[in-house]
Protein chains: 2
Amino acid sequence: MAIPDAPLLRALRGDRPERQPVWFMRQAGRSLPEYRELRVGTRMLDACLTPDLAAEITLQPIRRHDVDAAIFFSDIVVPLRLAGVDVVIEPGRGPVFADPVRTAADVERVTSIDPAEVAAAADPIREAARRVTAELSDQVPLIGFAGAPFTLAAYLVEGGPSKEHLRARGMMHADPQSWHRLAGWLAKVSRAFLDAQIEGGAQAVQLFDSWAGSLSTATFREFIAPHSTEALEGIEVPRIHFGVGTGAFLDDMRLGGLADAVGVDWRMPLDEAAAIVGPDVTLQGNIDPALLGAPWPVLAAHVDDVLARGRAARAHVLNLGHGVPPDTDPTVLTRIVARAHGEDA
Amino acid sequence: MAIPDAPLLRALRGDRPERQPVWFMRQAGRSLPEYRELRVGTRMLDACLTPDLAAEITLQPIRRHDVDAAIFFSDIVVPLRLAGVDVVIEPGRGPVFADPVRTAADVERVTSIDPAEVAAAADPIREAARRVTAELSDQVPLIGFAGAPFTLAAYLVEGGPSKEHLRARGMMHADPQSWHRLAGWLAKVSRAFLDAQIEGGAQAVQLFDSWAGSLSTATFREFIAPHSTEALEGIEVPRIHFGVGTGAFLDDMRLGGLADAVGVDWRMPLDEAAAIVGPDVTLQGNIDPALLGAPWPVLAAHVDDVLARGRAARAHVLNLGHGVPPDTDPTVLTRIVARAHGEDA
């Protein structure tokens with residue numbers, strides 16, 4: 001099979017391949033015992049910046065699950081680390097920044113870093129992606145990814161994880177000039193991270209706006225969409241745009257047609273989502289992660305329902321509605337893949 | 001003024017009083033220095049169960065802000081503590097349960113507690129409410145409150161705070177019988193808590209479903225609405241039903257007309273909300289807490305916009321879109337009240 005005929009890439013172009021493409025956000029990671037074993041003694045961001053480790057972790061779920069895409073193993077804050085920003089990922093908590101970016105002077109300080117620094121420091125990313133694509137040798141495409149400017153800002157302004165992202169949302173209104181400066185810089189930083197993965201061979205990309213659901217539609221349009229657009233504009237591989245809780249502005253998540261696919265979380269049935277986004281975009285999603293622990297007949301019926309509703313879209317990439325929870329039994333994921341491929345009785 | 005003419009109660013009945021009623025969720029609590037001083041050395045749940053302390057904390061924001069309602073100082077897990085469930089509130093984290101309720105046997109264990117135990121143990125609640133209403137002497141109404149069954153279950157099943165409430169949502173699908181048993185029990189527990197506050201003189205109640213935004217519309221209808229209805233049915237004072245992120249099923253938040261008012265978070269403009277819920281219900285909300293730190297002209301324009309959009313509803317109670325953040329400058333809240341009352345130039 002030549003890579004352009006891979007079911008994932010056909011679906012992102014709007015085709016309906018015979019084989020239903022399926023992959024899982026966070027398929028590479030904590031749900032796999034072979035991952036937990038490999039990560040012993042290595043901190044998260046160090047693992048992301050060690051090419052053989054990042055490549056191996058990216059490949060683990062391909063060997064195990066028969067999924068239709070690899071998702072690059074990394075973290076949305078990796079490009080910030082490459083830019084020299086002091087950030088660590090605390091286990092069980094998330095990214096924590098030594099110097100939160102809250103004032104105009106803070107924004108001035110961080111945005112004075114040239115985003116070209118990310119490109120210059122991204123060899124470990126290019127190298128890891130190259131190893132993955134060499135090993136996959138045109139059988140399974142690699143999806144590169146990056147955090148959307150808002151989600152990165154939500155961490156950076158707060159200094160760590162937060163529930164309602166009050167400080168980042170506050171900056172938009174209190175000091176819109178600083179906000180746009182920061183978000184514009186983050187768009188370039190995430191773009192450099194995507195470019196490095198594409199240079200390493202990634203055949204598609206996904207922009208994650210995990211926290212966009214805390215925004216109103218008007219705020220998303222004015223303060224977020226232009227910067228997410230900038231992060232994706234001009235990229236020559238298919239683009240997936242994913243957010244959580246973004247049902248109220250799902251059509252805006254198309255970024256004016258820039259996105260080849262829009263990811264949908266577990267809250268909105270795909271047929272409703274298809275009616276909103278129209279016939280020019282593929283949908284990705286949306287198995288509810290809360291059902292992964294349910295008895296198989298309950299979960300299988302849910303998977304079938306998601307697939308049936310996905311037929312209302314131009315094309316459909318099966319996925320979860322958010323990332324794989326760490327305590328997921330990975331054999332359940334394998335069985336979902338088999339069912340999507342018509343191999344589960 | 002007789003209490004039935006209080007602006008809050010008139011607005012909840014659907015009138016438009018000359019004075020715009022305004023209060024703030026979490027107005028009693030961490031944003032006030034006099035609260036922080038009073039709480040030194042007392043754990044949260046102990047403070048809730050000490051009548052003179054709970055009454056004093058409830059009254060503090062009335063003395064300071066000129067708000068149009070007192071909200072009873074307590075916590076949604078207090079009735080569970082009164083039922084004998086082992087729960088503490090960890091500062092900076094939230095409610096933590098010694099024994100999470102995850103299996104059918106766990107549900108059997110906890111629901112075997114008679115909800116009448118809550119009523120029998122609720123004298124500190126009645127007494128605190130009585131002290132508040134005696135001091136307010138028909139000038140300002142007291143709002144009693146309770147957690148909605150889903151939000152309580154989200155804590156109880158997980159054992160503490162969680163982001164997407166996977167375990168509680170999972171139980172609905174994996175073991176619907178246990179789910180309905182648990183949620184039905186929680187409805188009775190919260191109802192007993194509301195009744196105790198009403199017996200102590202509360203003139204209105206609010207049911208908080210802070211985590212309902214993690215649900216799909218179909219899930220809310222099947223697994224949540226019947227139990228939230230049970231918690232509020234037959235109550236003879238006005239009822240406010242509040243959720244966060246519930247824009248997709250805002251009309252369902254009316255609980256078939258049972259709610260006199262529906263609370264709206266900061267995501268949806270009130271004129272849009274009014275178009276959804278129709279002319280038979282009052283709206284409450286929805287100043288964005290993220291703007292409380294913005295320069296006053298920015299915040300004042302936002303407050304004016306909320307008030308203007310609120311005119312599309314049958315009636316409007318001004319509030320935030322969620323609770324007062326702990327680091328809020330309380331003088332800002334006072335100024336918002338003055339502006340709502342036409343006393344800020």
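The residue numbering used here restarts from 1 in each chain and proceeds along that chain's sequence as written. Ligands are numbered from 1 and chains lettered from A, in the order in which they are written. In keeping with the predicted nature of the model, local features appear solely for residues at pLDDT of at least 70, side-chain atom pairs appear and are counted solely at 80 or more, and the whole-chain, interface and lining totals rest on all residues. In computing side-chain values, all of the structure's heavy atoms are included and hydrogens and water are not.

For chain A, an unreviewed UniProt entry supplies the name Uroporphyrinogen decarboxylase and the organism Microbacterium algihabitans. Looking at chain A in UniProt, the text filed under Subunit (unreviewed entry) is "Homodimer." UniProt positions are given in the numbering used here, feature names are shortened, and annotations may be inferred rather than shown by experiment. The record held by UniProt for chain A lists under Catalytic activity (unreviewed entry) the comment "uroporphyrinogen III + 4 H(+) = coproporphyrinogen III + 4 CO2".

A. Up close: the relation of the copies chain A and chain B. Superposing copies: least-squares fit, C-alpha atoms only, residues required to have pLDDT of at least 70 in both. Turning chain A through 180° and shifting it by 0.0 Å along the axis lays it on chain B, with an RMSD of 0.0 Å. Read as a symmetry element, the transformation amounts to a two-fold axis. Within chain A, Ala248 of chain A has its C-alpha nearest the rotation axis, a separation of 3.6 Å. Any two residues whose heavy atoms approach within 4.5 Å at even a single point are treated as in contact. With an isologous cut-off of 70% or more, the 100% of interface residues of chain A that recur at the interface of chain B puts this contact in the isologous class.

B. Seen up close, the UniProt feature "site: Transition state stabilizer" (unreviewed entry) in chain A. All names here are of chain A. Mapped onto the present numbering, the UniProt feature "site: Transition state stabilizer" (unreviewed entry) falls on Asp75. The way it works is that DSSP assigns letters per residue, a run of H or I at least four long becomes a helix, a run of E at least two long becomes a strand, and they are numbered from the N terminus. Its location among the elements puts Asp75 in the loop between β1 (70-71) and α5 (78-82). Here's how the labels work: a residue is buried when its accessible area is under 20% of the maximum for its type, exposed when over 50%, partly exposed in between, all with a 1.4 Å probe on protein chains only. Relative accessible area serves as the criterion here: at 14%, Asp75 is assigned to the buried category. In contact with Asp75, other than residues within four places in its own chain, are Met44, Leu45, Cys48, Ile89, Phe145 and Phe193. Within the local environment of Asp75, its side chain forms a polar contact with the backbone nitrogen of Val77, the two atoms lying 2.9 Å apart. Identification of polar contacts relies on pairs of N or O atoms within 3.5 Å, with a donor-acceptor requirement for protein atoms, meaning one able to donate a hydrogen and the other able to accept it, and with residues adjacent in sequence counted only if both atoms are side-chain atoms.

C. Inspection of the interface of chain A and chain B at higher detail. Taken together, the 27 residues of chain A in the interface contact 27 residues of chain B. Carbon and sulfur atoms supply 55% of the area that chain A and chain B bury against each other, a total of about 2000 Å² over both sides. Here Arg169 of chain B and Asp288 of chain A are joined by a salt bridge, their closest N and O atoms 2.7 Å apart. Here the nonpolar group is Ala, Val, Leu, Ile, Met, Phe, Trp, Tyr, Cys and Pro; Asp, Glu, Lys and Arg are the charged ones; every other residue, Gly included, is treated as polar. For the side of chain A that touches chain B, the residue count by class is 13 nonpolar, seven polar and seven charged. Buried area is calculated as the accessible area (1.4 Å probe) missing from two parts once they are joined, with the contributions of both summed. Salt bridge, as applied in this entry: a Lys or Arg side-chain nitrogen positioned within 4 Å of an Asp or Glu carboxyl oxygen.

D. How the structure looks around the packing of helix α4 (residues 51-65) of chain B against helix α8 (residues 123-136) of chain B. All names here are of chain B. Simply put, an axis is a line fit to the C-alpha atoms, just over the touching stretch for a helix, and the angle between two N-to-C directions goes from 0 to 180 degrees. Where α4 contacts α8, the two axes come as close as 8 Å, and the packing angle between them is 35°. Remark: the crossing between α4 and α8 carries right-handed chirality. For the pair α4 and α8, the contacting residues are Pro51, Asp52, Ala54, Ala55, Thr58, Leu59, Ile62 and Arg63 in the first and Pro124, Glu127, Ala128, Arg131, Val132, Glu135 and Leu136 in the second. Residue classes in the contact of α4 with α8 are distributed as nine nonpolar, one polar and five charged. Should the near helix be turned counterclockwise from the far one by less than a right angle, the crossing is left-handed, whereas a clockwise turn marks it as right-handed.

E. The arrangement of the sheet that holds strand β6 (residues 239-243) of chain B in detail. All names here are of chain B. Pairing is parallel in the open sheet, where seven strands are placed in the order β1-β4-β5-β6-β7-β8-β9. Bordering the open sheet on either side are β1 (70-71) and β9 (316-320), each of which pairs with just one other strand. Note on pairing: two strands pair once DSSP finds at least 2 bridges between them. Across two bridges, the pairing between β1 and strand β4 (residues 142-147) is parallel. Across the sheet, residue Ala70 finds its bridge partner in β4, namely Leu142. Packed onto the sheet, helix α13 (residues 270-277) meets β8 (282-287) and β9 and runs at close to 155° relative to β8.

F. Summary view of the UniProt feature "domain: Uroporphyrinogen decarboxylase (URO-D)" (unreviewed entry) in chain A. According to UniProt, the positions carrying the feature "domain: Uroporphyrinogen decarboxylase (URO-D)" (unreviewed entry) are residues 21-30 and 143-159 of chain A. From the first C-alpha to the last, residues 21-30 of chain A spans 23 Å; its make-up is 0% helix and 0% strand.

G. View of the packing of helix α9 (residues 149-158) of chain B against helix α11 (residues 176-199) of chain B. All names here are of chain B. Contact geometry for α9 and α11: axes closest at 9 Å, N-to-C directions at 115°. The interaxial crossing formed by α9 with α11 has right-handed handedness. Contact with α9, carried on its side by Pro149, Phe150, Leu152, Ala153, Leu156 and Val157, involves Trp179, Leu182, Ala183, Leu186, Ala187 and Ser190 of α11 and no other residues of that element. Here the residues of the contact of α9 with α11 are counted per class, giving 11 nonpolar, one polar and no charged.

H. A look at helix α9 (residues 149-158) of chain A. All names here are of chain A. Buried residues dominate α9, accounting for 10 of its 10 residues. Those residues of α9 not exposed but buried are Pro149, Phe150, Thr151, Leu152, Ala153, Ala154, Tyr155, Leu156, Val157 and Glu158. Positive phi appears at Gly159, one or two residues downstream of α9, with a value of about 95°.

I. Region of the structure containing the packing of aromatic side chains. Whether two aromatic rings pair depends on their centres lying within 6.5 Å, for rings of Phe, Tyr and Trp, where Trp uses its six-membered ring; planes under 30 degrees apart make the pair stacked, over 60 edge-to-face, and the rest tilted. Applying the stated criterion to the full structure yields 14 aromatic pairs over all chains. Seen from their ring centres, Tyr155 of chain A and Trp211 of chain A are 6.3 Å apart, and the 65° between their planes marks the pair as edge-to-face. Of this pair, Tyr155 of chain A sits in helix α9 while Trp211 of chain A sits in the loop between β5 (204-209) and α12 (217-232), and the two are 56 residues apart along the sequence. Trp211 of chain A shares its class with Tyr155 of chain A; the two are buried. Both rings, one in Phe150 of chain B and one in Trp179 of chain B, keep their centres 6.4 Å apart while their planes meet at 55°; by these two values the pair is tilted. Placement of the pair is Phe150 of chain B in helix α9 and Trp179 of chain B in helix α11, with a sequence separation of 29 residues. Among the residues examined, Phe150 of chain B registers a relative accessible area of 0% and is labelled buried. Judged by its relative accessible area of 0%, Trp179 of chain B is buried.

J. Inspection of the side chain of Thr58 of chain A at higher detail. Residues and elements named next belong to chain A. In this fold, Thr58 is placed in helix α4 (residues 51-65). A polar atom in the side chain of Thr58 sits 2.9 Å from the backbone nitrogen of Phe73. Apart from the residues lying within four places of it in its own chain, the contact partners of Thr58 are Ala28, Ala70, Ile71, Phe72, Phe73, Val132 and Leu142.

K. Here's a closer look at the environment of Thr331 of chain A. All names here are of chain A. Examined against the element boundaries, Thr331 turns out to sit in helix α15 (residues 330-340). Residue class for Thr331 comes out partly exposed when judged on its relative accessible area of 49%. As for Thr331 and Leu32, which are separated by 299 residues in sequence, their C-alpha atoms are 9.6 Å apart. Within the local environment of Thr331, its side chain forms a polar contact with the side chain of Asp329, the two groups lying 2.8 Å apart.

L. Fine view of the sheet that holds strand β8 (residues 282-287) of chain A. Residue and element names in this part refer to chain A. One open sheet accounts for seven strands, arranged β1-β4-β5-β6-β7-β8-β9; its pairing is parallel. Taken across any chain shown, the strands that pair with only one partner, and hence form the sheet edges, are β1 and β9 (316-320). For strand β6 (residues 239-243) and strand β7 (residues 261-263), the ladder comprises three bridges, and the chain directions are parallel. If you follow His241 over to β7, its bridge partner there is Val262. Contacts between helix α11 (residues 176-199) and the sheet are confined to β4 (142-147) and β5, with β4 contributing the most and set at about 165° to the helix.

M. Molecular detail of unusual backbone geometry. Looking along the chain, the bond that leaves Gly285 of chain A and enters Asn286 of chain A is cis, with omega of -20°. When you line up the elements, Asn286 of chain A lands in strand β8. For Ser137 of chain B, which is not glycine, the phi dihedral falls at a positive 35°. With respect to the helices and strands, Ser137 of chain B occurs in the loop between α8 and β4. Here Ser137 of chain B falls in the partly exposed class, since its relative accessible area comes to 41%. Here Leu255 of chain B, not a glycine, exhibits a phi torsion of approximately 50°, which is positive.

N. Expanded view of the pairing of β4 of chain B. All names here are of chain B. Across the six residues of β4, six count as buried, placing the element largely inside the fold. Burial of the side chains of β4 extends over both faces: Leu142, Gly144 and Ala146 are buried on one face and Ile143, Phe145 and Gly147 on the other. Relative to strand β5 (residues 204-209), β4 runs parallel, the two being bridged by five bridges. Paired with Gly144 across the strands is Val205, a residue of β5.

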